[in-house]
Every structure is written in structure tokens, then in C-alpha cells.
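Reading the structure
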Amino acid sequence: MRAAARPVAVLVGPPGSGKSTVGRALATRLGVDLHDTDAAIEAATSRTIADIFIEDGEPTFRDLERAEVARALSESTGVLALGGGAVMDPVTRAALDGHIVVFLDVGIADASKRIGFDRSRPLLAVNPRATWVALMKRRRPVYEGVATHRVDTAGRPPDDIADEIARLLAGAPT
């Protein structure tokens, strides 16, 4: 009997924490693929996340996201990067149980430098700084609750963060 596929690590965190960028660096280090659920949704629908939010609404996007995360958790064997709000879904949180989940923690100063709070982030379109702070206040306990590891990304280059995660995965001191 073949063992079920499992990602080597699942990256979670708010917009600007570096999930996609760090995920690519980590996947390269580990010699595995990166599966970014937001990118997968965009590829499957031939639409941007922002367009899905605008045209169909957030509930439709969250349904697509929940399904994509479930599929990726059962099929991916590399690094899995989840969209920032994916963990707010109770079904997704339950599905993460038993996986190695790394919370990429970031403050607003670093997040704003990384993403610029542009319109491609639909939840941050209006008053992005205040919205990000409020979003993080709601989400932080959830990120911490699903995480098996927390990595501070403040002021650090992606390669440094990926190295730390690789050491965590290997069980080496960080």
C-alpha cells in the first residue's frame, strides 16, 4: 500500500509575510515543488483573486480556496503556501491537523514594504494599513493555533527564512 501524499511543510501567515517567496526558496533548498494555493486558483479559473472577489464575492472565493487547500493537502509532496485567509475556515483548520505548519510572522512595517498594499489584495483595498492591522488582530490567534512552528520574518531576506525553516524541518537547532 502506498503512503498518502503529504506536503513537507505548509506555510501560513498574513499578506506580506512571504509565503510565496519564502516557499519558492524553501522548495528549492529541499528539492521539492512549491504549490501556492492562490496561484493554483488563479490558474484553474483563468482569473485573478481580485477579479473573483469583485465579480463573485468573497464567499465564492473562500469555497474555491477550501477545495484547493483540501486537494493540495492530499496530493502535494512539496512545500504548500496557503492564502492569508485560508486558515480562517474551520474545515481548513481541521484539515491542517497533523501537518507541519509554519506561521510566517511579520509586522506591518515589513508587510507594507513587501506588498505595497496594492489593489491586487482585495481585502486591503480600502485603508490598507488599518485593514491589515485589524485583519492581523483577528487572524494572529488562528495562525498561532494551527502552527507547529513560528518564524519571525521581520527584516530578513527570504533565503535566511528558508534556511531557518529547513533547519526546523530537519530537527536541527535554529
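Overview of the structure. Being a predicted model, the structure only gives us computed values, none of them experimental.

Examining the overall build of the protein chain
Looking only at helices and strands, one finds eight helices and five strands in the protein chain. In sequence order, the protein chain lays out its α and β elements as β-α-β-α-α-α-β-α-β-α-α-β-α.

A look at the packing of helix H2 (residues 37-45) against helix H4 (residues 58-75)
If you want to describe how two helices pack, look at the angle between their axes and the distance between the axes. H4 packs onto H2 with a crossing angle of 115° between their chain directions and a minimal axis gap of 10 Å. In this view, H2 runs roughly perpendicular relative to H4, as classed from their interaxial angle. Of the two possible hands of crossing, H2 and H4 adopt the one that is right-handed. In contact with Thr37, Asp38, Ala40, Ile41 and Thr45 of H2, H4 contributes Phe61, Leu64, Glu65, Glu68, Val69 and Ala72. The residue inventory of the contact of H2 with H4, partitioned by class, reads six nonpolar, two polar and three charged.

A closer look at H2
For H2, the full list of buried residues reads Thr37, Ala40 and Ile41. Considered in projection along H2, the buried side chains sweep an arc of 100° and stay on one side of the axis. Looking at the buried side of H2, the elements it contacts are strand E2 (34-36), helix H3 (49-56), H4 and strand E3 (79-81). Capping the start of H2 is the job of one residue whose side-chain oxygen sits 3.0 Å from the backbone nitrogen of aspartate 38: aspartate 36. Trailing H2 by a residue or two, serine 46 shows a phi angle of about 55°, which is positive.

A few points about the environment of alanine 147
For alanine 147, the position within the fold is in the loop between helix H7 (128-146) and strand E5 (149-152). The sequence separation of alanine 147 and phenylalanine 103 amounts to 44 residues, and the corresponding C-alpha distance is 5.6 Å. Among residues more than four places away in sequence, those in contact with alanine 147 are Val101 and Phe103.

Quick look at the packing of aromatic side chains
As enumerated under the stated definition, the model contains two aromatic pairs in all. A ring pair is formed by phenylalanine 53 and phenylalanine 61, whose centres lie 5.1 Å apart and whose planes are at 40°; its orientation type is tilted. Across this residue pair, the class does not change: phenylalanine 53 and phenylalanine 61 are buried.

Focus: the sheet that holds strand E4 (residues 101-105)
The strands that make up a sheet are held in pairs by hydrogen bonds between backbone atoms, and each pair lies either parallel or antiparallel. In spatial order, the strands read E2-E3-E1-E4-E5; together these five strands make up an open sheet with parallel pairing. If you trace the sheet from one side to the other, it starts and ends with E2 and E5, each paired once. Going across the sheet, the axis of each strand differs from the next one's by a mean of 25°, ignoring polarity. Sheet topology note: the strand E1 (residues 9-12)/E4 ladder contains three bridges and is parallel. The residue bridging valine 12 from the neighbouring strand is phenylalanine 103, located in E4. Lying on the sheet, helix H8 (residues 158-170) is in contact with E1, E4 and E5; it crosses E5 at an angle near 160°.

Details of the nonpolar core
Of all hydrophobic cores here, the largest spans 18 residues; its most connected members are Val10, Val12, Leu82, Val87 and Leu96. Broken down by secondary-structure element, the contributors of at least two residues to this core are E1, H4, E4 and H7. Looking at which element gives the most residues to this core, the answer is H7, with five residues. Those residues within four positions of valine 10 in sequence are excluded, and the remaining contacts are Leu73, Leu80, Leu82, Leu96, His99, Ile100, Val101 and Val102. Among the nonpolar cores identified, the runner-up in size contains 13 residues, and Ala27, Leu104, Ile165 and Ala166 belong to it.

Procedures and definitions
- Residues numbered from 1 in each chain as written.
- Predicted model: local features only at pLDDT ≥ 70, side-chain atom pairs only at ≥ 80, totals over all residues.
- Heavy atoms only, no water.
- Helix = DSSP H or I, 4+ residues; strand = E, 2+ residues; numbered from the N terminus.
- Axes fitted to C-alpha atoms, helices over the stretch in contact; angles between N-to-C directions.
- Parallel < 35°, antiparallel > 145°, perpendicular 65-115°, else oblique.
- Left-handed = near helix turned anticlockwise from the far one by under 90°.
- Contact = heavy atoms within 4.5 Å.
- Nonpolar A, V, L, I, M, F, W, Y, C, P; charged D, E, K, R; others polar.
- Buried < 20%, exposed > 50% of the residue type's maximum accessible area, 1.4 Å probe, protein only.
- Arc of directions from axis to C-beta.
- Polar contact = N/O pair within 3.5 Å; in protein donor to acceptor, adjacent residues only side chain to side chain.
- Phe/Tyr/Trp six-rings, centres within 6.5 Å; stacked < 30°, edge-to-face > 60°.
- Pairing = 2+ DSSP bridges.
- Core = buried A, V, L, I, M, F, W, Y, C linked by side-chain atoms within 4.5 Å.

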